Amino acid sequence: MAPHPTTINVDGKEERFLASFQQQQLTPPATAIEVRTAMTPSYHWLPEEILEENVGSTYLTVKKNTGYGQLVTWLAEEATGQKHIFYKTYQTAWSNAIKVTLEPGDIWEPTIAADISDTKLYVIWAESDLDKGDQIYYRKQVSGFWSTITQVTNTDNRPTGLDAVASKNGEIHLVWQEEDNGIQSIFYKDLNSLVPITKLSEEQLNAYEPKIVYSANSRQVHLMYVRYTSNGLYQVIYRNGTTGSWAEPVVIYQGVSRLHKTSFSTDFVGNLIFGWIEGENQEAVMQIREFSSEFKAVEMILSVPYPEKTSVDISKSGVAFALAQGLPSNDRILFASRFTNSWLSSQLLMNDSVQVGFPGVVSDYFSDVYVFWADRLGEKIVLRRGEIDSDSDN
């Protein structure tokens, strides 16, 4: 298929680039992002806020929860190179930073989930131990009291790509990936169930970067991941686990270029937004597919040279958000929003000396948006809030 020309608007400037699409039942729109016009809703960005300082070289995760509001976890590194996990929550104000781990360790990829009743909060991570190897652990807080640390896995492989979400039924849904003999596989565990760990990906097919979300009102559990087939296709996979058993995999996109840097979100009623990067290096682009009673067309919304991460969210009022982090000369965060049927893009301006890490985007219950990132040079966690400005085209 011939390269597909696309024009986007970044900081008021039109940029043209080429992207090839595999036309497998999916037809990308002729224009991935429309140039915004006067009176089109956009965001007025408030000054940056310092959420936490002196965090060292950090790994940052951000979650949205219907009871707690925003949930933020991060790693703080000691001078020895060992790490502790901390978290904060937001309802009407930010809590103090709370340390989760009892001792520093070789820890990676912490994530967080809070159940709908507001009484339990789970922090989950992977850690390397000389005796136990590389395993997944969690610790829960119940009505303000912490449990002991619980080991989840007993594997010979290194677990990565951890993601978790809580449901109304008290379930804590955890997914991750492991590599065994060159094959990456996806695994699932409900932390509050006696049911053993379940392998969700197909045998002999590489599967990676799982993301799991929960729609509160419709009580649906949703999973996405990427798999690589034996005939050289990359596929974005969707599975529904609402009934207690997992539905068969559904291919929502496929192509010959690498698909990676996945992101996934839902609202209360079960509308979904999937995000991923197609391609690598200078040719990489961020793509979106949405579900609202049916799957919409795939849209290419951002050019992201040398991509590092993507993040998506959808608010209660139906406004969708996406961001992507890329290079090359300095880290930057590109932000896009969709109020009706059209995606609009803009660039968050940051000091050239900032080295961005692990950006994430979450909405409030309606349409305001919160963007978080780690300032690697300043060793701090930064928050920037966007408020709707319907009277400006900036």
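Residues numbered from 1 in each chain as written. Predicted model: local features only at pLDDT ≥ 70, side-chain atom pairs only at ≥ 80, totals over all residues. Heavy atoms only, no water.

A. Just the overall build of the protein chain, in detail. Looking only at helices and strands, one finds 0 helices and 32 strands in the protein chain. Across the 394 residues in the protein chain, those meeting the buried criterion constitute 56%. In the protein chain, the proportion of contacts linking residues at least 24 apart, taken out of those at least 6 apart, comes to 45%. Approximately 17,100 Å² of the protein chain is accessible, and the part contributed by carbon and sulfur atoms is 46%. (Helix = DSSP H or I, 4+ residues; strand = E, 2+ residues; numbered from the N terminus. Buried < 20%, exposed > 50% of the residue type's maximum accessible area, 1.4 Å probe, protein only. Contact = heavy atoms within 4.5 Å. Areas by Shrake-Rupley, 256 points an atom, 1.4 Å probe, with all protein chains shown as cover.)

B. Examining the pattern of salt bridges more closely. Taken as a whole and assessed by the stated rule, the structure comprises 10 salt bridges. Here Lys88 ties to Glu52 by a salt bridge, and the two come within 3.0 Å at their closest N and O atoms. Of this pair, Lys88 sits in strand S7 (residues 83-90) while Glu52 sits in strand S4 (residues 49-53), and the two are 36 residues apart along the sequence. Relative accessible area serves as the criterion here: at 9%, Lys88 is assigned to the buried category. Ionic pairing is found between Arg338 and Glu290, a salt bridge with its closest N-O pair at 2.8 Å. Taken together, the positions of Arg338 in strand S28 (residues 332-338) and Glu290 in strand S24 (residues 285-291) put the pair 48 residues apart, joining distant regions of the chain. Each member of the pair, Arg338 as well as Glu290, is classed as buried. Via salt bridges that share partners, Asp368, Arg385 and Glu387 belong to a single interconnected network. (Salt bridge = Lys/Arg side-chain N within 4 Å of Asp/Glu carboxyl O.)

C. Looking closely at the sheet that holds strand S6 (residues 69-77). In space, the 4 strands of this open sheet follow the order S5-S6-S7-S8, with antiparallel pairing throughout. Of all the strands in the sheet, the pair left with one neighbour each is strand S5 (60-65) and strand S8 (98-99). Pairing of S7 with S8, which is carried by 2 bridges, proceeds in the antiparallel orientation. Its bridge partner being in S8, Tyr87 is matched across the sheet by Ile98. (Pairing = 2+ DSSP bridges.)

D. Summary view of the sheet that holds strand S18 (residues 206-215). In spatial order, the strands read S18-S19-S20-S21; together these 4 strands make up an open sheet with antiparallel pairing. With partners counted over all chains shown, the strands left at the sheet margins are S18 and strand S21 (250-255), one partner each. Averaged over all pairs of adjacent strands, the angle between their axes in this sheet comes to 15°, without regard to strand direction. In the sheet, S18 pairs with strand S19 (residues 220-228) via 8 bridges, with the strands oriented antiparallel. Opposite Tyr214, over in S19, you have Val221 as the bridge partner. (Axes fitted to C-alpha atoms, helices over the stretch in contact; angles between N-to-C directions.)

E. Here's a closer look at the packing of aromatic side chains. Counted according to the given criterion, the structure contains 21 aromatic pairs. Taken together, the ring pairs in this structure connect Tyr43, Trp45, Phe321, Phe335 and Phe339 into an aromatic cluster. Lying across the ring of Phe358, Arg376 places its NZ or CZ 5.3 Å from the centre. (Phe/Tyr/Trp six-rings, centres within 6.5 Å; stacked < 30°, edge-to-face > 60°. Lys NZ or Arg CZ within 6 Å of the ring centre and 35° of its normal.)

F. Main features of the side chain of Glu127. Tracing the sequence through the fold places Glu127 in strand S10 (residues 120-129). In terms of polar contacts, Glu127 uses its side chain to reach the side chain of Trp125, at 3.0 Å. In contact with Glu127, other than residues within four places in its own chain, are Gly105, Asp106, Ile107, Trp108, Gly133, Asp134, Gln135 and Tyr137. (Polar contact = N/O pair within 3.5 Å; in protein donor to acceptor, adjacent residues only side chain to side chain.)

Remember that the coordinates give geometry; whether it matters functionally is a separate question.
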